[in-house]
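Now for the letters of each chain:
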Amino acid sequence: MTRILFFLFLAPLISPAQRIKINEYDRFLKQRTIETYPLAILTGGNNSAILTFRSDSTNTFMKLNGRVESTNVIGQNEQVILLFDNDSTATLKSAGLQTYEMRDTYYNYFHTYTVSLDDLIRLRNYKLSAVRQYDSKDFYDVVIPGPSRDKIRQLSGLFIDELKKANIIQAAVASRKPEFPGGERALSDFLARNLRMSPVVNATANKVVGVQLEIMQDGTVTNIRVLQSGGPYFDAEAMRVVKRMPKWKPAISNGRAVPGMIKIDIRFQRGDAAINY
């Protein structure tokens, strides 16, 4: 049975939680270790969670530990899914088999997941709304309180900056073009649901309208322009639907959201809609 946990109390602010705890080079192992101070993101009776980021020069990890009222063994191939406030997700894999310590009325858990640079950037750029943790028998959802979401973004950004200073990652940490929330399939579904076809036009609807969009840093769609006309009716309908689009995921350059241009081809085929980049 799926468990949904809501934590409504935020742990007190602790200033060291927004600092780097370890940044040292081991000459014997020839390895640099970077670790943040633990950040308490959830608290409430026997339910709590503490977040830490750690790097050993080769791998980067997100560590979750705390206490719960019930838990199970985390297998080596289990995962945790991060849900962000822009409806995007990230999937992290368990770093190995992980168990727990049983106490009188609760369990202590120590879970470690590998985290990619792209997912770190998501944690910095977007607010983490919830975490779905899987174990050997079930999964449970943890809702992150609002104030903790901002702290996680700050800690992620601090960790990325420290990785840059140590030359573990390059300054140009990531880049991508603008993306429709949910990806290409979601964009195709959006067009199919929103395009309107009159009976007269539908009989000769094999048209393509090429539209250029500019996606701003906050994901807003602006500067819409028809590059390939399909005729007055089709152009107007394409423009109408594009203006109804939700905010996109903005382009990323050097780990920061920037304005970006993108072109989509809107196909009119007897009431169906398909897109190509």
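Predicted model only: the values in this text are computed from it and were never measured.

Here we look at unusual backbone geometry
So, step 1. Even without a glycine there, the phi angle at Asp 87 is positive, about 70 degrees.
So, step 2. Summarising the element assignment, Asp 87 is placed in the loop between strand E7 (79-84) and strand E8 (89-94).
So, step 3. One non-glycine residue with positive phi stands out, namely Asn 223, at about 50 degrees.
So, step 4. Turning to its location among the elements, Asn 223 is positioned in strand E15 (residues 221-228).

Quick word on the side chain of Ser 156
So, step 1. With respect to the helices and strands, the residue Ser 156 is situated in helix H2 (residues 146-165).
So, step 2. Those residues in contact with Ser 156 that lie beyond four places of it in its chain are Phe 53, Leu 120, Leu 123 and Arg 124.

Quick look at the environment of Asn 47
So, step 1. Here Asn 47 lies in strand E5 (residues 47-55).
So, step 2. A residue is classified by how much of its surface remains accessible, and Asn 47, at 14% relative accessible area, is buried.
So, step 3. A sequence separation of 22 residues divides Asn 47 from Glu 69, and the C-alpha atoms of the two residues are 6.7 Å apart.

Structural notes on the pairing of strand E10 (residues 107-114)
So, step 1. Bridge count for strand E6 (residues 60-68) against E10 is eight bridges, and the pairing is antiparallel. Bridge pairing in E10 places Arg 67 opposite Asn 108.
So, step 2. Alignment of E8 against E10, held across two bridges, turns out to be antiparallel. Looking at E10, one finds that Lys 93 is bridged to Thr 114.

A look at the pairing of strand E14 (residues 207-215)
So, step 1. The buried fraction of E14 is high, at seven of nine residues.
So, step 2. Of the pairings in the sheet, the one linking E14 to strand E18 (residues 260-269) comprises nine bridges and is antiparallel in character. Directly across from Lys 207, in E18, lies its bridge partner Phe 268.
So, step 3. Bridge count between E14 and E15: five bridges; the pairing is antiparallel. Paired with Gly 210 across the bridge in E15 is Gln 228.
So, step 4. Linking E14 to E15, which pair antiparallel, is a turn of five residues; within it Gly 219 sits at a positive phi near 90 degrees.

Overview of the packing of aromatic side chains
So, step 1. Under the defined criterion, the tally for this structure stands at six aromatic pairs.
So, step 2. Pairing Phe 180 with Phe 190 gives two aromatic rings, centres 5.8 Å apart and planes at 50 degrees, and the pair type is tilted. In this pair, Phe 180 sits in the loop between strand E13 (175-176) and helix H3 (184-194) while Phe 190 sits in helix H3, placing the two residues 10 residues apart along the sequence. We note that Phe 180, like Phe 190, is buried.
So, step 3. Here the aromatic cluster, defined as three or more aromatic residues joined through ring pairs, consists of Phe 180, Phe 190 and Trp 248.

Calculation criteria
Residues numbered from 1 in each chain as written. Predicted model: local features only at pLDDT ≥ 70, side-chain atom pairs only at ≥ 80, totals over all residues. Heavy atoms only, no water. Helix = DSSP H or I, 4+ residues; strand = E, 2+ residues; numbered from the N terminus. Contact = heavy atoms within 4.5 Å. Buried < 20%, exposed > 50% of the residue type's maximum accessible area, 1.4 Å probe, protein only. Pairing = 2+ DSSP bridges. Phe/Tyr/Trp six-rings, centres within 6.5 Å; stacked < 30°, edge-to-face > 60°.

Bear in mind that shape data such as this cannot, by itself, settle questions of function.
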